[in-house]
Amino acid sequence: MKKATQAAPRIIRAASLSAREPLEQPIAAPEESLLLFFTPRAEDAAAFDAAQRLQHLYHRAMTADRHYILAAPAPAPSVGMPWGAARLLETEPLLRAWLQAALRASADARVSLLWPAAGSPAAQSALRKIAEQVMTELYRKGEPFDELLAVGSILGTPASLLSAGSFCEEADFAVIDTDSLLRLSLAAAPDTPFFEEALQASATGLLRLLEIGVGNLRMRRRFVAVGGRLAHDERFAEHLQAIGADALILPPLPRAALRRPRAMHARP
């Protein structure tokens, strides 16, 4: 057993972008890598200039000296509703707008893309196909972008962790979303009264599930980050390090903390 010699996971800080309250300055945070996400409104999905809006958000938040993981816009799981990759595929105009904005941003900064959780590997293949189409369109227009940028997938269901190799066959890295995993496994949200009791009762099984998922991905030499409730819970930190998680994704900073001081506004 070499669990005690595992290197400490890297820290990736999440940051939430808002169309209603766009950042006026690049994000200030000590971490080298940032995960940027936003929850689209109905009008964002339908807007004819959605790509320009998203590009503006990214431009204001990013600098050339950082690495950014740009998460595709997709709602969280909800009972009886399509979610994640399935919902995003239903709103293809928004998907294409996001891809255009994210790819254009990759010309000025180090960028990786992150697909939402999928119910099957086929959904991720469909997303990748659309991404290739958008890349071809930008290439024909002569617009610069990083043709070799990494693309990752979110794993947020027990099935996706047990079959992590299949779900990430076309992905360069994976992010395990423990919030979705807990919501689906415990049938309870973190703000419900009995959530903590359910978590304690199921902790052993959940940690074993994470160990299987991380192990499957590491065998295929995929970079693995863990986010959500368990990633920033001190009771689980040692276990996540022991099973070989490459990085932990910490919760979003308050918006006031994301802004740089005036003297540091200039972009490189």
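Residues numbered from 1 in each chain as written. Predicted model: local features only at pLDDT ≥ 70, side-chain atom pairs only at ≥ 80, totals over all residues. Heavy atoms only, no water.

Chemist: Explain the overall build of the chain to me, and be specific about the residues and the numbers.
Modeler: The helix and strand tally for the chain stands at 10 helices and 8 strands. Relative to its 268 residues, the chain shows a buried fraction of 48%. Nonlocal contacts in the chain, meaning residues at least 24 apart in sequence, comprise 70% of its contacts between residues at least 6 apart. Of the roughly 13,200 Å² of accessible surface on the chain, a fraction of 55% belongs to carbon and sulfur atoms. (Helix = DSSP H or I, 4+ residues; strand = E, 2+ residues; numbered from the N terminus. Buried < 20%, exposed > 50% of the residue type's maximum accessible area, 1.4 Å probe, protein only. Contact = heavy atoms within 4.5 Å. Areas by Shrake-Rupley, 256 points an atom, 1.4 Å probe, with all protein chains shown as cover.)

Chemist: Which residues make up the pattern of salt bridges, and what values do they have?
Modeler: Summed over all chains, the structure comprises 8 salt bridges. Among the ionic pairs, Glu137 bridges to Arg96, the shortest N-O distance being 3.4 Å. Residue Glu137 is located in helix H5 (residues 121-141), and its partner Arg96 is located in helix H4 (residues 92-105); the two are separated by 41 residues in the primary sequence. Accessibility expressed as a relative area gives 34% for Glu137, which makes it partly exposed. (Salt bridge = Lys/Arg side-chain N within 4 Å of Asp/Glu carboxyl O.)

Chemist: Summarise the packing of helix H8 (residues 178-186) against helix H9 (residues 195-219); cite the residues concerned and give the values.
Modeler: The relative placement of two packed helices is expressed as an angle between their axes plus a distance between the axes. The interhelical angle for the contact between H8 and H9, taken along N-to-C directions, is 115°, at an axis separation of 10 Å. Taken together, the axis directions place H8 and H9 in an arrangement best described as roughly perpendicular. Note on packing geometry: the crossing formed by H8 with H9 is right-handed. Each of Thr178, Leu181, Leu182, Ser185 and Leu186 in H8 lies in contact with H9, whose residues at this interface are Phe195, Ala198, Leu199, Ser202, Leu206, Leu209 and Leu210. In terms of residue class, the contact of H8 with H9 is built from 9 nonpolar, 3 polar and no charged. (Axes fitted to C-alpha atoms, helices over the stretch in contact; angles between N-to-C directions. Parallel < 35°, antiparallel > 145°, perpendicular 65-115°, else oblique. Left-handed = near helix turned anticlockwise from the far one by under 90°. Nonpolar A, V, L, I, M, F, W, Y, C, P; charged D, E, K, R; others polar.)

Chemist: Explain H8 to me, using residue names and the numbers behind them.
Modeler: Among all positions of H8, only Thr178, Ser180, Leu181, Leu182 and Leu186 are buried. Looking at the buried residues of H8, the elements they touch are helix H6 (158-162), strand E6 (173-177), H9 and strand E7 (223-227). Sitting at the amino-terminal end of H8 is Asp177, which places a side-chain oxygen 3.1 Å from the backbone nitrogen of Asp179. Positive backbone phi, approximately 55°, marks Ala187, located one or two places after H8. (Polar contact = N/O pair within 3.5 Å; in protein donor to acceptor, adjacent residues only side chain to side chain.)

Chemist: Describe H5, naming the residues involved and giving the relevant values.
Modeler: With 21 residues, H5 should reach 30 Å at 1.5 Å per residue; the first-to-last C-alpha distance of 31 Å fits that figure. Those residues of H5 not exposed but buried are Ala123, Gln124, Leu127, Ile130, Ala131, Val134, Met135 and Leu138. End-on view of H5: buried residues confined to an arc of 145°, all on one side of the axis. Opposite the packed face of H5, turned more than 90 degrees from it, sit the exposed residues Ala122, Lys129, Tyr139 and Arg140. In the core, the buried residues of H5 are packed alongside helix H3 (84-90), H4, strand E4 (110-115), strand E5 (151-155) and helix H7 (164-167). (Expected span 1.5 Å × (residues − 1). Arc of directions from axis to C-beta.)

The values are spatial; any link to function lies outside them.
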